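# Structural overview
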Amino acid sequence: MAEAPYKRTYKHAKGRGSEQTVVCSLCGKKVPKYKTFTKKKGFFITDPSVKREVSDSNLLLPRKKIYICPQCARHKKISQPGRSRKSRAKK
Ligand SMILES: [Zn+2]
């Protein structure tokens with residue numbers, strides 16, 4: 001999960017004019033891929049005793065990489081406002 005001074009790599013695609021767009025998995029909006037936050041969705045079992053029991057079916061668990069646009073990331077508190085804004089809104 002990205003935290004307050006998260007690194008944003010605004011890396012553009014190599015080819016000119018053809019930015020790869022992805023659909024935000026929360027709002028369904030099309031956003032350039034380099035602007036999105038990636039998040040891995042899936043079940044991760046941490047309890048070792050439970051993990052042993054389901055080890056056979058472990059591979060079948062759905063793991064998905066989801067893309068979240070900056071707006072949703074802010075709204076869902078995945079990302080936080082930058083440092084400068086935080087200091088401005090000091091109590
Ligand atoms: Zn979105």
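The structure under discussion appears in the preceding block.
Notes on the structure follow. Model, not experiment: these values are computed from the prediction. (Residues numbered from 1 in each chain as written. Predicted model: local features only at pLDDT ≥ 70, side-chain atom pairs only at ≥ 80, totals over all residues.)

Moving on, we get to the overall build of the protein chain. Scanning the protein chain from terminus to terminus reveals 3 helices and 4 strands. The secondary structure elements of the protein chain, listed N-terminal to C-terminal, are β-β-β-α-β-α-α. Evaluated residue by residue, the protein chain yields a buried proportion of 8% over its 91 residues. Within the protein chain, counting contacts between residues at least 6 apart in sequence, those at least 24 apart form 59% of the total. (Helix = DSSP H or I, 4+ residues; strand = E, 2+ residues; numbered from the N terminus. Buried ≥ 20, exposed ≤ 12 C-beta atoms within 10 Å, placed from the backbone. Contact = placed C-beta atoms within 7 Å.)

This part is about the environment of Thr38. Relative to the helices and strands, Thr38 is located in strand 3 (residues 37–42). Non-local contacts of Thr38, meaning those with residues more than four positions away in its chain, are made with Lys65 and Tyr67.

Among the nonpolar cores identified, the biggest contains 6 residues, and these are Cys24, Phe37, Ile68, Cys69, Cys72 and Ala73. Other than its neighbours up to four places away in sequence, Ile68 contacts Cys24, Ser25, Leu26, Thr36, Phe37, Lys39, Ala73 and Ile78. (Core = buried A, V, L, I, M, F, W, Y, C linked by C-beta atoms within 7 Å.)

With that out of the way, let us pick up the environment of Thr36. Looking at the element boundaries, Thr36 is found in the loop between strand 2 (30–32) and strand 3. Residues Thr36 and Ile66 lie 30 residues apart in sequence; the distance between their C-alpha atoms is 9.4 Å. Excluding residues within four positions of it along the chain, Thr36 makes contact with Val22, Cys24, Val31, Tyr67, Ile68 and Cys69.

This part covers the environment of Leu26. Considering the arrangement of structural elements, one finds Leu26 in the loop between strand 1 (21–23) and strand 2. Linking Leu26 and Tyr67, residues 41 residues apart in sequence, is a C-alpha distance of 8.3 Å. Non-local contacts of Leu26, meaning those with residues more than four positions away in its chain, are made with Ile68, Cys72 and Lys76.

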